[in-house]
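Observations on the model geometry
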There are 2 protein chains.
Amino acid sequence: MAGVIFCKEVDFVVKRQGNTMFFENTPCVAGYGSAVGKKESEGPLKGEFDKVIYDSYAGTESFEKAESVFIREAVSMAIGKAKIKAEDIGLAFAGDLLNQCTASSLGLRDYKMPYIGVYSACSTMALSLLLSSVSVESGATSYALSAASSHFCSAERQYRFPLEYGSLRTPTSQWTVTGAGCCILKGKGNTNDDDIFIPCATVGVINDLGVTDQNNMGAAMAPAACDTLENFLRDTNTSPDDYDAIFTGDLGVLGSELFRELIKKDIGYTLTNHKDCGVLMYGDDKTVCCGGSGAGCCASVLCSHILPSMMSKRYKNVLFMATGALLSPTSVSQGESIHSIAHLINFRCK
Amino acid sequence: MAGVIFCKEVDFVVKRQGNTMFFENTPCVAGYGSAVGKKESEGPLKGEFDKVIYDSYAGTESFEKAESVFIREAVSMAIGKAKIKAEDIGLAFAGDLLNQCTASSLGLRDYKMPYIGVYSACSTMALSLLLSSVSVESGATSYALSAASSHFCSAERQYRFPLEYGSLRTPTSQWTVTGAGCCILKGKGNTNDDDIFIPCATVGVINDLGVTDQNNMGAAMAPAACDTLENFLRDTNTSPDDYDAIFTGDLGVLGSELFRELIKKDIGYTLTNHKDCGVLMYGDDKTVCCGGSGAGCCASVLCSHILPSMMSKRYKNVLFMATGALLSPTSVSQGESIHSIAHLINFRCK
């Protein structure tokens, strides 16, 4: 690898403060892509997605295989926009909600990229971006890919009931987004002054306040979001007002209220710049109850709405914090409470 | 974080060649621990494990909860041997085979460590160690934990049949190990000359030769092991004879034969120093058919047999290459072939 000079006298390229990692070389966004289903394409973000796949089966014979098509499409879009080849991706971080994360591995199988499977439920995209940042920062790869997906139909039958039951939804429930997002980061040597960059990221800690209602994920995840944001603000010595927007993914309507209440109670801030990807995705569509969820929700909102809004300079300093409920149908049926986590990425541009 | 100096003039601390990452600061092993079940404790590695839990339920009311006890015990042992506190762990990488990887997240929940869920089937331990290496190398954390677990009873009913069926096993099948392993890495500033260190690691690429028999995982995974080893040898310009031992995890008896045949065919080497964790675990016990498997197999063999053998200088230069079959019961029933991956870690000591 020509041109790489080892760091002989000093040790680290990442500085750690609390649970926050600061990146000296500042990983930059090389490209991003999104693919969503019909329902998602008709919401408030209509027209912002790269690709809409109207067929729930995406031309395959199962919802699970369809999900791998969504992630493949998002990856393909991101590679195209980054103006690189698939072979340039040195590490591909990806995950989803399916048992054994098969949507990701099947979706990326044909790309022949070095593959790193991650599992962090709906916070998968933020975790992938955090690991990608450390990787391009250290020199482990020049380009790192982060991707996440979900599919309403594959999630519904895995986590809840067969679709054919047509079962009623509780008012606190959320609607799994059919979609995927992919974001490619690049390291020093390939970056430009006008790139969106990542100065720092905060890794999450598992929180568990004893919520056992799997139809109220927002309540289970709000404390994790609160914990990570508070850690981030303390580690960076900043306040919520320093950011143009704080995006959570995907607390939904109820979880967002709880999150803002907790922040108010804990650190005395009334958040005025908070938005939730799960709320943004479907707006006031009542059929989705509390809003969108699923690993593909915040991933596709990031890659269709947030990053483009930074490209157009609407936002210049954004927090992207994805939350995940680390439950399984088995853990819930065995009476375990829903333990949650949130990882945070700070995106900036000049 | 006092004493950290940023690398101002040069860029990277990890050098990449092909799919292999070279670590200038050489992450070192701080401590390791293992916990296994009764059957595992009676095999050839008898007496080498830190803890044996004779009750399949490990004092809990389900096999899934029991699995989280195994991983918690292994983590506890490793922290003790590393002579650090749980709070010193800045990043905890962990994974298992259960749907949504709940054994790991429940096992680590109470530790309050920054948690990073990974999924790479039976190659989870090697993937965790690879990501831990990049993390301590870059300064993202001073101590990184890698852990993986599996449990015969939880795996059997999730992947195959309820235990109560007493179903017959095919001759090519493998036996999921009940156990867990945990290894803690430390970065520059905390290392000693006589530590076991990791000079390099190779990330895997998904391989799929079209095998669809989920009772013959060895055959599905052997090409992935072959691919990663060949990449590693090319990237490092070394030959198999340069290593005291090449450990695969967990190809089993048949997969190991296929692996050695493929290596012989591809690069003309007759491997004389190859050992397989799945074979080591149960020896010639015929009830396990082709040997052990499961994310906890190579993790517990690494932390009970391989690393201690390096501490006693029996081995000084070892390759630890874990293979994973990225299938799910759903993907198999939908006719997908079994796509596999292998990640490799080079352990050395002076």
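Bear in mind that the values here come from a model prediction, so they are computed numbers and not experimental data. Residue positions are counted from 1 within each chain, in the order its sequence is given. Ligands are numbered from 1 and chains lettered from A, in the order in which they are written. Where totals are concerned, whole chains, interfaces and linings use all residues; where local detail is concerned, this predicted model gives features only for residues with pLDDT of at least 70, and gives and counts side-chain atom pairs only at 80 or more. Hydrogens and water are ignored here; the side-chain numbers use all heavy atoms of the structure.

Moving on, we come to the side chain of Thr-176 of chain A. Examined against the element boundaries, Thr-176 of chain A turns out to sit in strand E8 (residues 175–176). When neighbours within four sequence positions are excluded, Thr-176 of chain A is seen to be in contact with Glu-40, Ser-150, His-151, Phe-152, Ala-155, Arg-160, Tyr-282, Ser-293 and Gly-294 of chain A. Where helices and strands are cited, they refer to DSSP runs of H or I of at least four residues and of E of at least two residues respectively, numbered from the N terminus. Contacts are residue-level and defined by heavy atoms, with any inter-residue pair within 4.5 Å sufficient.

Residues and elements named next belong to chain A. Looking at chain A, the domain boundaries give domain 1 (3–186) and domain 2 (197–348). Counting residues at the interface gives 59 residues for domain 1 and 62 residues for domain 2. The term buried area means the drop in 1.4 Å probe accessible area that two parts suffer when joined, counted for both and summed. For the domain 1 and domain 2 pair, buried surface summed over both sides reaches about 4,600 Å², with 64% attributable to carbon and sulfur atoms. For domain 1, the biggest contributors to the area lost against domain 2 are Tyr-32, Cys-122 and Gln-174; these three give 15% of the whole. Take a side-chain nitrogen of Lys or Arg and a carboxyl oxygen of Asp or Glu: if they are within 4 Å of each other, that pair is a salt bridge. For the pair domain 1 and domain 2, the interface holds one salt bridge. The definition of a polar contact used here is a pair of N or O atoms within 3.5 Å, where within protein one atom must be able to donate a hydrogen and the other to accept one, and adjacent residues in sequence count solely through side-chain atom pairs. Counting across the domain 1 and domain 2 interface gives 21 residue pairs in polar contact (both at pLDDT 80 or more). Those domain boundaries reflect an automatic or database domain assignment.

A separate point is the pairing of strand E9 (residues 179–186) of chain B. All names here are of chain B. By the criterion of burial, E9 is predominantly enclosed, with eight of the eight residues buried. The alternating pattern of E9 places Gly-179, Gly-181, Cys-183 and Leu-185 and Ala-180, Cys-182, Ile-184 and Lys-186 on opposite faces, both of which are buried. DSSP-based pairing: two strands are paired if at least 2 bridges between them are found. Note that strand E7 (residues 143–150) and E9 share eight bridges and pair antiparallel. By the bridge assignment for E9, Tyr-143 is matched with Lys-186. Type-normalised accessible area, obtained with a 1.4 Å probe on protein chains alone, sets the label of each residue: buried when under 20%, exposed when over 50%, and partly exposed for intermediate values.

Attention now moves to the packing of helix H4 (residues 124–138) of chain A against helix H9 (residues 295–311) of chain A. Residues and elements named next belong to chain A. Packing of H4 against H9 leaves a shortest axis separation of 7 Å and a crossing angle of 60°. In this view, H4 runs oblique relative to H9, as classed from their interaxial angle. For the pair H4 and H9, the contacting residues are Thr-124, Met-125 and Leu-129 in the first and Ala-295, Cys-298, Ala-299, Leu-302 and Cys-303 in the second. For this classification, the nonpolar set comprises Ala, Val, Leu, Ile, Met, Phe, Trp, Tyr, Cys and Pro, the charged set comprises Asp, Glu, Lys and Arg, and every other residue, Gly included, is treated as polar. A breakdown of the residues in the contact of H4 with H9 according to their chemical character gives seven nonpolar, one polar and no charged. Angular values range over 0 to 180 degrees, each being the angle between N-to-C directions of two axes fitted as lines to C-alpha atoms, with helices fitted over their stretch in contact. Here the word oblique covers every angle except those under 35 degrees (roughly parallel), over 145 (roughly antiparallel) and from 65 to 115 (roughly perpendicular).

On to the pairing of strand E15 (residues 340–348) of chain A. Residues and elements named next belong to chain A. With eight of nine residues buried, E15 lies mostly within the body of the structure. Sheet topology places strand E10 (residues 197–202) next to E15; four bridges connect them, and they run antiparallel. Bridge pairing links Ala-201 to Ile-345 in E15. In the sheet, strand E14 (residues 317–325) pairs with E15 via nine bridges, with the strands oriented antiparallel. The residue of E15 that forms the bridge with Val-318 is Phe-347.

This brings us to the packing of aromatic side chains. Residues and elements named next belong to chain A. Stacked, tilted and edge-to-face pairs are distinguished by plane angle, under 30 degrees for stacked and over 60 for edge-to-face with tilted covering the rest, among Phe, Tyr and Trp rings (Trp via its six-membered ring) whose centres lie within 6.5 Å. A full pass over the atoms with the stated rule returns 12 aromatic pairs over all chains. Measuring from centroid to centroid gives 5.7 Å for Phe-232 and Tyr-243, while their planes differ by 55°, and the two rings are tilted. Taken together, the residues Phe-232 in helix H6 (residues 217–236) and Tyr-243 in the loop between H6 and strand E11 (245–249) connect sequence positions 11 residues apart. Each member of the pair, Phe-232 as well as Tyr-243, carries the same accessibility label: buried. The ring of Trp-175 carries the charged tip of Lys-39 above its face, separated from the ring centre by 4.6 Å. Remark: a charge is flagged as sitting over a ring if the NZ atom of Lys or the CZ atom of Arg is within 6 Å of the ring centre and within 35 degrees of the ring normal.

Bringing the interface of chain B and chain A into the picture now. Size of an interface, as often reported, equals the accessible area lost when the parts are brought together. Across the boundary between the two partners, chain B contributes 74 residues, which contact 74 residues of chain A. Counting the surface lost from both chain B and chain A, the interface buries some 6,400 Å², and carbon and sulfur atoms represent 60% of this. For the pair chain B and chain A, the interface holds six salt bridges. Measuring nitrogen to oxygen at the nearest pair gives 3.1 Å for the salt bridge that ties Glu-336 of chain B to Arg-109 of chain A. If you look at where chain B meets chain A, you find 34 residue pairs in polar contact (both at pLDDT 80 or more). It is helix H4 (residues 124–138) of chain B that contributes the most residues to the side of chain B that touches chain A, seven residues altogether. The residue makeup of the side of chain B that touches chain A, split by class, is 36 nonpolar, 24 polar and 14 charged.

All right, on to the relation of the copies chain B and chain A then. Structural alignment of chain B on chain A gives an RMSD of 0.0 Å, achieved by rotating through 180° and translating 0.0 Å along the axis. In short, the pair behaves as if placed about a two-fold rotation axis. In terms of C-alpha distance to the rotation axis, chain B has Val-118 of chain B as its closest residue, with the C-alpha 2.0 Å off the axis. Mapped onto chain A, 100% of the interface residues of chain B are again interface residues, and the two copies thus contact each other with one and the same surface. To superpose the copies, least squares is applied to the C-alpha atoms of every residue with a pLDDT of at least 70 in both.

Turning our attention to the environment of Asp-242 of chain A. All names here are of chain A. Along the polypeptide, Asp-242 turns up in the loop between H6 and E11. C-alpha of Asp-242 to C-alpha of Asn-317: the two residues are 75 residues apart in sequence and 8.0 Å apart in space. Polar side-chain contacts of Asp-242 include one of 2.8 Å to the backbone nitrogen of Ser-239.

Once that is clear, we can look at the environment of Ile-338 of chain A. All names here are of chain A. Positionally, Ile-338 belongs in the loop between helix H10 (329–333) and E15. When the C-alpha positions of Ile-338 and Leu-91 are compared, they lie 31 Å apart, and in sequence the two are 247 residues distant. With residues near it in sequence (within four places) discarded, Ile-338 still touches Asn-207, Asp-208, Val-211, Thr-212, Asp-213, Gln-214, Ala-220, Ala-325 and Leu-327.

One full turn of an α-helix is made of 3.6 residues, so residues set three or four places apart face in the same direction. Residue and element names in this part refer to chain B. How far a helix is expected to stretch is found by multiplying one less than its residue total by 1.5 Å. If you check helix H6 (residues 217–236), its first and last C-alpha atoms are 28 Å apart, about what 20 residues at 1.5 Å a residue would give, namely 28 Å. Counting buried positions over the 20 residues of H6 gives 18, a clear majority of the element. Positive phi appears at Asn-237, one or two residues downstream of H6, with a value of about 55°.

Quick look at the confidence of the model for chain A now. All names here are of chain A. pLDDT measures how confident the predictor is about each residue, on a scale from 0 to 100. Averaged over chain A, the pLDDT score is 94; the fraction of residues at 70 or greater is 97%. Across residues 1–5 the pLDDT falls below 50, and counting only partners more than four positions away or on other chains, this stretch makes eight contacts in the model. For this predicted complex, the interface confidence reaches an ipTM of 0.96, while the overall pTM sits at 0.96.

To continue, consider the pattern of salt bridges. Residues and elements named next belong to chain B. Counted under the stated rule, the structure contains 28 salt bridges over all chains. Salt-bridge contacts for Glu-64 lead to Arg-157; the nearest nitrogen and oxygen are separated by 2.5 Å. Taken together, the residues span a long stretch of sequence, with Glu-64 in helix H2 (residues 63–82) and Arg-157 in helix H5 (residues 152–159) at a distance of 93 residues. Classification of Glu-64 as buried rests on a relative accessible area of 11%.

All names here are of chain B. The element H5 is largely enclosed, with a buried count of six among its eight residues. Of the positions making up H5, those classed as buried are Phe-152, Cys-153, Ser-154, Ala-155, Glu-156 and Tyr-159. On the buried face of H5, the contacting elements are H2, E7, strand E8 (175–176) and helix H10 (329–333).

The next subject is the nonpolar core. By convention a nonpolar core is built from buried Ala, Val, Leu, Ile, Met, Phe, Trp, Tyr and Cys residues, the set being connected through side-chain atoms within 4.5 Å. Counting 190 residues, the largest nonpolar core has Ile-184, Phe-320 and Phe-347 of chain A together with Ile-184, Phe-320 and Phe-347 of chain B as the members making the most contacts within it. Apart from the residues within four sequence positions on either side, Phe-320 of chain B is in contact with Met-125, Ala-126, Leu-129, Phe-247, Cys-277, Cys-298, Leu-302, Ile-306, His-343, Leu-344, Ile-345 and Phe-347 of chain B.

Let's shift gears to unusual backbone geometry. At the junction of Gly-249 of chain A and Asp-250 of chain A, the peptide bond is cis and its omega measures out at 0° in the coordinates. Looking at the element boundaries, Asp-250 of chain A is found in the loop between E11 and helix H7 (252–267). Positive phi, normally seen in glycine, also occurs at Thr-26 of chain B, with a value near 45°. Secondary-structure assignment places Thr-26 of chain B in the loop between strand E2 (20–23) and strand E3 (28–37). Phi angles above zero are rare outside glycine, and Asn-237 of chain B is one such case at about 55°. Note on placement: Asn-237 of chain B falls in the loop between H6 and strand E11 (245–249).

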